[in-house]
Amino acid sequence: MAVGSQLSSPLPPPPSDRDAKALRFIEEVTTNADAVQQRVLAEILSRNANTEYVNRFRLNGATDRDTYKSKIPVVTYEDLQPDIQRIANGDRSPIFSSTPISEFLTSSGTSAGERKLMPTIQEEMERRQLLYSLLMPIMNLYVPGLDKGKGLYFLFVKAETKTPGGLVARPVLTSYYKSDIFKTRPYDPFNDYTSPNEAVLCADSFQSMYTQMLCGLLMREQVLRVGAVFASGLLRAIRFLQLNWKQLAHDISTGTLNPKITDPCLRECIVSKYLTNPNPEVAEFISKECSTEEWEGIITRIWPNTKYLDVIVTGAMAQYIPTLEFYSGGLPMACTMYASSECYFGVNLKPMCKPSEVTYTIMPNMGYFEFLPHHTSSPPVLSRDSPPRLVDLADVEVGKEYELVITTYAGLRRYRVGDVLEVTGFHNAAPQFRFVRRKNVLLSIDADKTDEAELQKAVENASSLLRELNTSVVEYTSYADTKTIPGHYVIYWELLVKDEAANSPPPAEILNQCCLAIEESLNSVYRQGRVADNSIGPLEIRVVKNGTFEELMDYAISRGASINQYKAPRCVNFTPIVELLDSRVVSVHFSPTKPHWTPERRR
C-alpha cells in the first residue's frame, strides 16, 4: 500500500448470513490486493502463452510482472484495430486469446465514426455476474427491507449487428440482458423487478418503455427503488410519463392494452399477467397526479415507498443531478458499480453517499490493473522506445490522478481505457477512486462521447454549406443542454458575412441544414442516440452577435486568464459564460430531421 494512504472504515456486519459470503469475499480480495493481482496476471498469461499477440513480443512463457512490463507495450484501440478487424472478418486463430472470441462488445465511437469492437469470451459473462452479485449485499448494509418489495428499473436492449465474419457485435448490457444468466435467473427477493423480461428484451424502444412504465404504475405501492443505467435514461422515463400518462391511465382503468404494443410475445405477457382486471382506482390516482402538470417530486408521489434512485450520476451524468433531485424530492442516488465494455472494475462500498463523494473500490480479481500518472499540464507522451512507468494497483498514491490501463482475460494487454481517476483512499489494500472524466471528451448527453477533434471536423463540414453565401464561421463553442429531455448539443456560432453589400445573414433553412450536417458528421453512438434510442434531442445552433467571442475573451481575462495564452473554449458549462452567450443570440436553429444511422457496420 502507498505511503500516507487513507484507509476507509471496515464494512458493517452483514444483516443476514445470506450476504456474509459476498462481504467476506470483498474483504479477502481487497486485503490481499497485490497478491491477487499477481495471481490474475500469471493466470491470464499462462492461459494465453501461445497467442499470436503475446508471442509477437517474445514473452516466451513468462508470467511474472517485471518481464511482462518490460516486453508488452502500452496500447490504445488504434494500435489493436488491425488485429481486431482480422477477428471481425472471420480469423479464428488465437490472436488475443486462446479461448474462442464469443462476440464483440461495442464501446464508444472512434475517430472514424464507428463504435469500438471489444473482443470478449464467454467466461467474462460469469465474471461480470460475480460483480453484480456483490451489489445487493452491499446495499443491504445501508437500506433495510429491500426484499419486501420490487425494483422499478428501466432497462433496454440496443441494436446489434454481425461482423463480416459472423460474430455478434452489441453493447455490453444488451449482451447481459440477452444471456441465459439474466433470462433464466432464479427468483431473488432482493432483485425482484417490476419489468418482465419480455419488456426489457423488446427491441422497439417505445413498446419497451411503455410496458415497463405500465408495469411500474400497476405495482406502484410495491416499488422500493427506481433506476436506470444512466441518469439520462431515468429522466427520459419521466418525460415519457409526462407525454403518455393519459393512455397509460386508460389501459389501467379498462384492463386493455395500447394497440401500439404490437410485439406478440410482449403483448401476450402484459395482457395475461398484468392487465387481467381493470383497476380504476390506480388509473384515477395517476390521472390526478399527472394532470396538474406539477412534476416536482413526481417519483415519490407516484411511487411513495421509494427509498433511493439507482443511477449513474458520476462523470458526464453529474449534470443531471439537479433535475433528478427536482423529480424525486431529493431522494438519495446510489451509484453502485464502475464498469465498461472492456472490463468490469469495482464497486461503491458506500452507495448511499452524496454523488459528489462517490468512490469505487477496485476489485483486484476482475483483471490486471495498472495506472499511468496523469498530469493535466503535461500529459504523458508514450512511445515504444521510451515506455512509460506505470504504477501497480497497490502502489497508487492518494490525491493523485491516473489513467487506467488494463489487462483482461478476454485478450486486452496493457490497454489504455481512457478513464482518468483520482485516488481518494484505500479499503484494506485496494485503492478507492473518484471518476474524474473520460480523457478528451468534450460533449456527452447519454452514452455518446464527442471529443474536440470530432466537433472541429463536424463544424468544418457544416460551415462548407455557407461558402456559396460568402459567409464563414469566425468562432464557435458548444454546450450540452440537459435542461431539455432528452438533452441535446448546442453549438454557438459567430458568423462573418464577407459580402458587405448584402450584409444579410444566411437563410434559416441553410442554418437548419448546418445543424443536420454537424449531426451527420458525429459518430455512430451519437447518431444511434438520435435515431434509434431517442436519448438525444435535435442539435441546435445559436448564432450570436459579432464581437461576442471578444467579450468572452475579455471576461476570461478579467478572471485571470493570460491574454497571450487565451483561446476560445470549445465547450462551456460555467453558468455566467453560458448566460453571456445566450444574451447575445440573434437566431436559433435546429436539425430539421434525424441524421442517417443504421445498425449495419461499415466494411
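Treat the numbers as computed from the prediction; the structure is a model and nothing was measured. Residue indices follow the written sequence of each chain, beginning from 1 at its first position. The predicted nature of this model means local features are confined to residues of pLDDT at least 70 and side-chain atom pairs, given and counted, to a pLDDT of 80 or more, with totals for whole chains, interfaces and linings taken over all residues. To get the side-chain values, take all heavy atoms of the structure and skip hydrogens and water.

Moving on: the nonpolar core. Judged by nonpolar contacts, the single largest core of 167 residues is most densely connected at Phe369 and Trp493. Secondary structure is summarised from DSSP: a helix means a run of H or I of at least four residues, a strand means a run of E of at least two, and numbering begins at the N terminus for each. Sort the elements by how many residues they give to this core and helix α11 (residues 231-254) lands first, with 11 residues. Side-chain atoms within 4.5 Å are what join buried Ala, Val, Leu, Ile, Met, Phe, Trp, Tyr and Cys residues into a set we call a nonpolar core. Any residue under 20% of the maximum accessible area for its type is buried, any over 50% is exposed, and the rest in between are partly exposed; the area is computed with a 1.4 Å probe on protein chains only. In this structure, Tyr492, Val544, Leu552 and Leu581 belong to the second largest nonpolar core, which totals 11 residues.

Once that is clear, we can look at empty space enclosed by the protein. Summary: where empty space remains is shown by rolling a probe the size of a single water molecule over the atoms. Within this scheme a cavity is a closed region of a 1 Å grid, computed over the protein atoms alone, that accommodates a 1.4 Å probe without allowing it to escape, whereas a pocket is open but has protein on both sides within 12 Å along at least five of seven lines; lining residues each have an atom within 4 Å of a point. Grid points are joined across faces, edges and corners, and a volume is the space filled by probe spheres set on the points. The final tally for this structure, using the stated rule, is 5 cavities of 30 Å³ or more. Every residue along the wall of the largest cavity is listed here: Leu105, Met118, Pro119, Thr120, Glu124, Arg128, Ser341, Glu342, Cys343, Tyr344, Ala410 and Leu412. Of all the secondary-structure elements, those providing two or more residues to the lining of the largest cavity are β2 (115-120) and α6 (123-139). For the lining of the largest cavity, the element with the highest residue contribution is β2, accounting for 3 residues. Of the residues that constitute the lining of the largest cavity, the class distribution is 7 nonpolar, 2 polar and 3 charged. The nonpolar class holds Ala, Val, Leu, Ile, Met, Phe, Trp, Tyr, Cys and Pro. Asp, Glu, Lys and Arg form the charged class, and all remaining residues, Gly among them, are polar.

What follows deals with the packing of aromatic side chains. Centre distance within 6.5 Å is the pairing criterion for rings of Phe, Tyr and Trp, where only the six-membered ring of Trp is used; planes under 30 degrees apart are then read as stacked, over 60 as edge-to-face, and the remainder as tilted. Tallying each qualifying case throughout the model produces 20 aromatic pairs. Pairwise contacts between aromatic rings join Tyr132, Tyr176, Tyr177, Phe182 and Tyr344 into one cluster. Charge over a ring is defined by NZ of Lys or CZ of Arg lying within 6 Å of the ring centre and within 35 degrees of the ring normal. Here the guanidinium or amino end of arginine 128 rests over the ring plane of tyrosine 344, the centre of that ring lying 5.8 Å away. The positively charged end of arginine 220 is found above the aromatic ring belonging to phenylalanine 285, 3.8 Å away from the centroid.

The next thing to look at is the domain arrangement of the protein. Each domain's limits were defined by an automated method or a database of domain assignments. By the assigned domains, the protein splits into domain 1 (17-122 + 339-369 + 390-438), domain 2 (147-306) and domain 3 (444-590). The C-alpha centroid of domain 2 is placed 33 Å from the C-alpha centroid of domain 1. Two residues qualify as a contact provided that any one of their heavy atoms is within 4.5 Å of a heavy atom in the partner residue. At the junction of the two partners, domain 1 supplies 15 residues and domain 2 supplies 13 residues. Both faces considered, domain 1 and domain 2 share a buried interface measuring about 1,200 Å² in area, 54% of it formed by carbon and sulfur atoms. Salt bridge, as used here: a side-chain nitrogen of Lys or Arg that lies within 4 Å of a carboxyl oxygen of Asp or Glu. Inspection of the region where domain 1 meets domain 2 yields 1 salt bridge. Between glutamate 103 and arginine 170 there is a salt bridge, with the nearest N and O atoms lying 2.7 Å from each other. Between N or O atoms, a polar contact is any pair within 3.5 Å; within protein, one atom must be a potential hydrogen donor and the other a potential acceptor, and residues adjacent in sequence are included only when both atoms are from side chains. Summed over the shared surface of domain 1 and domain 2, the result is 8 residue pairs in polar contact (both at pLDDT 80 or more). Take the side of domain 1 that touches domain 2: its biggest share by element is 4 residues, from strand β1 (residues 103-109). Looking at the side of domain 1 that touches domain 2 residue by residue, the class counts come to 7 nonpolar, 5 polar and 3 charged. Buried area is calculated as the accessible area (1.4 Å probe) missing from two parts once they are joined, with the contributions of both summed.

By this rule, a helix spans an expected 1.5 Å times one less than how many residues it contains. Taking 1.5 Å of rise per residue, 24 residues should cover 34 Å, and α11 covers 33 Å from first to last C-alpha, within 8% of that figure. Taking burial as the measure, the 24 residues of α11 include 17 buried ones, the bulk of the element. Backbone geometry just downstream of α11 places glycine 255 in the positive-phi region, at approximately 70 degrees.

Counting buried positions along strand β12 (residues 368-373) gives 5 out of 6 residues, so the element sits mostly inside the fold. Two strands form a pair only when DSSP identifies at least two bridges running between them. Looking at chain direction, β12 and strand β14 (residues 401-407) are connected through 6 bridges and run antiparallel. Among the inter-strand pairings, proline 373 is bridged to a residue of β14, identified as tyrosine 402.

As a further point, take the sheet that holds strand β21 (residues 540-544). Pairing is mixed across the open sheet formed by 4 strands, whose spatial order is β19-β20-β21-β22. Only two strands of the sheet have a single partner each, and these edge strands are β19 (471-481) and β22 (585-590). Ignoring which end each strand starts from, the neighbouring axes of this sheet average 25 degrees apart. In this sheet, β21 lies alongside strand β20 (residues 488-497) in parallel orientation, the contact comprising 5 bridges. Pairing of tyrosine 492 across the sheet is with arginine 542, part of β21. The strands touched by helix α16 (residues 452-463) within the sheet are β19 and β20, with β19 carrying the most contacts at an inclination of about 135 degrees. Here an axis means a line fitted to C-alpha atoms, over the contact stretch when the element is a helix, while the angle between two N-to-C directions is reported on a 0 to 180 degree scale.

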